[in-house]
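Chain residues, written in single-letter form:
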Amino acid sequence: MAESLPERPHMADILAAAQRIRGQADATPLLPSALTERLGHPLWLKLETCQPMGAFKLRGALNALAQLPDSTRGVTCCSTGNHGRAVAYAARARGLRAVICMSELVPATKVEGIRALGAEVRLIGRSQDDAQLKATRLVREEGFTDIPPF
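Right, let's walk through the structure included here. (Residues numbered from 1 in each chain as written. Predicted model: local features only at pLDDT ≥ 70, side-chain atom pairs only at ≥ 80, totals over all residues. Heavy atoms only, no water.)

As a further point, take the nonpolar core. Counting 28 residues, the largest nonpolar core has Met 53, Leu 65, Val 75, Val 87, Ile 100, Met 102 and Ile 114 as the members making the most contacts within it. Secondary structure elements with two or more residues in this core: helix H3 (57–66), strand S3 (75–78), helix H4 (82–94), strand S4 (98–102) and helix H5 (108–116). What Val 87 contacts, discounting residues up to four positions off in sequence, is Ala 61, Leu 65, Val 75, Cys 77, Ile 100 and Ile 147. Membership of the second largest hydrophobic core comes to seven residues, among which are Cys 78, Ala 131, Leu 138 and Phe 144. (Core = buried A, V, L, I, M, F, W, Y, C linked by side-chain atoms within 4.5 Å. Buried < 20%, exposed > 50% of the residue type's maximum accessible area, 1.4 Å probe, protein only. Helix = DSSP H or I, 4+ residues; strand = E, 2+ residues; numbered from the N terminus. Contact = heavy atoms within 4.5 Å.)

This is the structure in structure tokens:
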């Protein structure tokens, strides 16, 4: 059975998320692309790589964690890098324990980047499916909240 897609967000949802993360994510530059001339219409680049942890995933992680109750025991996720870094960063800012589950195939630099943000990394198996199973176990056995990447 195929999973259904989540409902599209409404403008009110977007504005509420922006309010929740105000002051936590950096305002990043919007620059014209050199491809504008070739395409024949404006193309702008939003440089989310300028976020403190280097990726746009920070906005979603901050928003997700801002909506968790104060009783949250910890957070977990399955990641190959950017989402894990974002969850680790947001968890540290909120004072929450974070356990990021990753495949053993993820490059060491990505693992170390997440650890440097204060999260625990669990390397499990040789696929993201294996890592997700571990995150699901943390939810079930330790009461963590899973922060999905989408």
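There's plenty left to go through after this.
The next subject is the environment of Ala 86. The residue Ala 86 is located in helix H4 in this model. If sequence neighbours within four positions are ignored, Ala 86 has contacts with Met 53, Lys 57, Leu 58 and Ala 61.

To continue, consider the side chain of Asn 63. Inspection of the secondary structure puts Asn 63 in helix H3. You can call Asn 63 buried: its relative accessible area is 17%. Here the side chain of Asn 63 touches Arg 20 through a polar contact of 2.6 Å, side chain to side chain. Not counting chain neighbours up to four residues away, the residues in contact with Asn 63 comprise Ala 17, Arg 20 and Ile 21. (Polar contact = N/O pair within 3.5 Å; in protein donor to acceptor, adjacent residues only side chain to side chain.)

Here we take up the sheet that holds strand S5 (residues 120–123). Strand order in the open sheet formed by four strands is S5-S4-S3-S6, and the pairing between neighbours is parallel. On the outer flanks of this sheet lie S5 and strand S6 (145–146), each paired with one strand and no other. Bridge count between S4 and S5: four bridges; the pairing is parallel. In the strand pairing of S5, Val 99 is matched with Glu 120. Against the sheet, H4 contacts S3 and S4, and its axis sits at roughly 170° relative to S3. (Pairing = 2+ DSSP bridges. Axes fitted to C-alpha atoms, helices over the stretch in contact; angles between N-to-C directions.)

Another point: the packing of H3 against H4. The N-to-C vectors of H3 and H4 enclose an angle of 45°; their axes lie 8 Å apart at closest approach. As judged from the angle between their axes, H3 and H4 are oblique. Crossing angle aside, the handedness with which H3 passes H4 is right-handed. Contact residues: Lys 57, Leu 58, Ala 61, Leu 62, Leu 65 and Ala 66 in H3; Asn 82, His 83, Ala 86, Val 87, Tyr 89, Ala 90, Ala 91 and Arg 94 in H4. Broken down by class, the residue content of the contact of H3 with H4 amounts to ten nonpolar, two polar and two charged. (Parallel < 35°, antiparallel > 145°, perpendicular 65-115°, else oblique. Left-handed = near helix turned anticlockwise from the far one by under 90°. Nonpolar A, V, L, I, M, F, W, Y, C, P; charged D, E, K, R; others polar.)

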